Amino acid sequence: DAKTTQPNSMESNEEEPVHLPCNHSTISGTDYIHWYRQLPSQGPEYVIHGLTSNVNNRMASLAIAEDRKSSTLILHRATLRDAAVYYCILRDNYGGSQGNLIFGKGTKLSVKP
Amino acid sequence: DAGVIQSPRHEVTEMGQEVTLRCKPISGHDYLFWYRQTMMRGLELLIYFNNNVPIDDSGMPEDRFSAKMPNASFSTLKIQPSEPRDSAVYFCASSSTPGQYYNEQFFGPGTRLTVL
């Protein structure tokens, strides 16, 4: 699986939008971009994923660059509960293969009241 | 569904003792994963099963570690003998076969292991 690069940490104010960047310059054509997050003292949880087009769900939005070499996870209004480590992961889903999740160090997001 | 269930949640043992961690995946899921998380190495995949069969155990640190999945609803990760460097949080996760819907991995709450 291709490698991703994320900032070690970011800070945000409550109720403001947060943009979490991820660089993946060696992404292959069949790699999906996945985001998971890990709240304190919990296991990771799925946030969102995408291939080429921008994606929205109830938790967040994923903006994917046209060349797919970078992406941004957008939390539209950060809450204190969003304080977590956010992992950007590439995984090959081509043909339904079960690629493994390879976690990097992620970005630790702090949210200030 | 109750989600992925792990037991025990906390385990404290002495070096040299056998440790068994248990996991019950989400019903209907046919993939099961064991991860280990430490401050130094982050979250690492140890082994994963598909339909109860081990597919990739290349992440298992050494022969002291073994994992089994005797049926679709139960898996164990055993460390024998345990060493202080095995202290970590061990997560179990499960997912379904990729198909029409995204096969996200669902993680359990983890077992915090401390080896003295």
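The structure this text deals with has already been given above.
Please read these numbers as outputs of a predicted model, since none were measured by experiment.

## Let's talk about the overall build of chain B
When its secondary structure is counted, chain B shows zero helices and eleven strands. Along chain B, helices (α) and strands (β) appear in the sequence β-β-β-β-β-β-β-β-β-β-β when read from the amino end. Seen through its principal axes, chain B has C-alpha atoms that stretch 45 × 25 × 25 Å. Every one of the 116 residues in chain B was classed for burial, and the buried ones make up 49%. Surface summary for chain B: the accessible area is close to 5,900 Å², and the carbon and sulfur share equals 50%.

## Side note on the side chain of glutamine 37 of chain B
With respect to the helices, strands and loops of the structure, glutamine 37 of chain B is situated in strand E4 (residues 31-38). Within the structure, the side chain of glutamine 37 of chain B is placed 2.9 Å from the side chain of glutamine 38 of chain A, a separation counted as a polar contact. Excluding residues within four positions of it along the chain, glutamine 37 of chain B makes contact with Gln38 and Tyr87 of chain A together with Gly42, Leu43, Ala88, Val89 and Phe91 of chain B.

## Details of the pairing of strand E11 (residues 111-115) of chain B
Residues and elements named next belong to chain B. Of the two faces of E11, only one is covered, namely that formed by Thr111, Leu113 and Val115; the face formed by Arg112 and Thr114 stays uncovered. One ladder, built from four bridges, connects strand E2 (residues 10-13) with E11; its direction is parallel. Paired with threonine 13 across the bridge in E11 is valine 115. In the sheet, strand E9 (residues 88-95) pairs with E11 via three bridges, with the strands oriented antiparallel. Residue pairing in the sheet places valine 89 in a bridge with arginine 112 of E11.

## A word on the sheet that holds strand E3 (residues 19-24) of chain B
Residues and elements named next belong to chain B. Sheet architecture is open: four strands sit in the order E1-E3-E8-E7, paired in antiparallel fashion. Each end of this open sheet is capped by a strand with a single partner; those strands are strand E1 (5-7) and strand E7 (65-71). The average undirected angle you get between the axes of adjacent strands in this sheet is 15°. Across five bridges, the pairing between E3 and strand E8 (residues 74-79) is antiparallel. Bridge pairing in E8 places cysteine 23 opposite serine 75.

## Some details on unusual backbone geometry
Residues and elements named next belong to chain B. The omega torsion across serine 7 and proline 8 is -10°, close enough to zero to call that bond cis. You can see proline 8 is positioned in the loop between E1 and E2. Residue glutamine 80 is joined to proline 81 through a cis peptide bond whose omega torsion reads -5°. For proline 81, the position within the fold is in the loop between E8 and E9. Located in the positive-phi region is asparagine 51, a residue other than glycine, with phi close to 50°. Structurally, asparagine 51 is set in the loop between strand E5 (42-50) and strand E6 (53-56). Judged by its relative accessible area of 48%, asparagine 51 falls in the partly exposed class. Positive phi, close to 75°, is recorded for asparagine 52, a residue that is not glycine. Its relative accessible area of 29% is what places asparagine 52 among the partly exposed residues.

## A closer look at the interface of chain B and chain A
Between chain B and chain A, the contact holds 19 residues from the first and 18 residues from the second. Taking both sides of the interface into account, the surface hidden between chain B and chain A amounts to around 1,500 Å²; carbon and sulfur atoms contribute 48%. Between the two partners, chain B and chain A, sit zero salt bridges. At the surface where chain B touches chain A, the tally comes to two residue pairs in polar contact (both at pLDDT 80 or more). Its residues placed into classes, the side of chain B that touches chain A shows eleven nonpolar, six polar and two charged.

Definitions and cut-offs
- Residues numbered from 1 in each chain as written.
- Chains lettered and ligands numbered in written order.
- Predicted model: local features only at pLDDT ≥ 70, side-chain atom pairs only at ≥ 80, totals over all residues.
- Heavy atoms only, no water.
- Helix = DSSP H or I, 4+ residues; strand = E, 2+ residues; numbered from the N terminus.
- Buried < 20%, exposed > 50% of the residue type's maximum accessible area, 1.4 Å probe, protein only.
- Areas by Shrake-Rupley, 256 points an atom, 1.4 Å probe, with all protein chains shown as cover.
- Polar contact = N/O pair within 3.5 Å; in protein donor to acceptor, adjacent residues only side chain to side chain.
- Contact = heavy atoms within 4.5 Å.
- Pairing = 2+ DSSP bridges.
- Axes fitted to C-alpha atoms, helices over the stretch in contact; angles between N-to-C directions.
- Buried area = accessible area lost by both parts, 1.4 Å probe.
- Salt bridge = Lys/Arg side-chain N within 4 Å of Asp/Glu carboxyl O.
- Nonpolar A, V, L, I, M, F, W, Y, C, P; charged D, E, K, R; others polar.

Just geometry here; none of it tells us what the structure is for.
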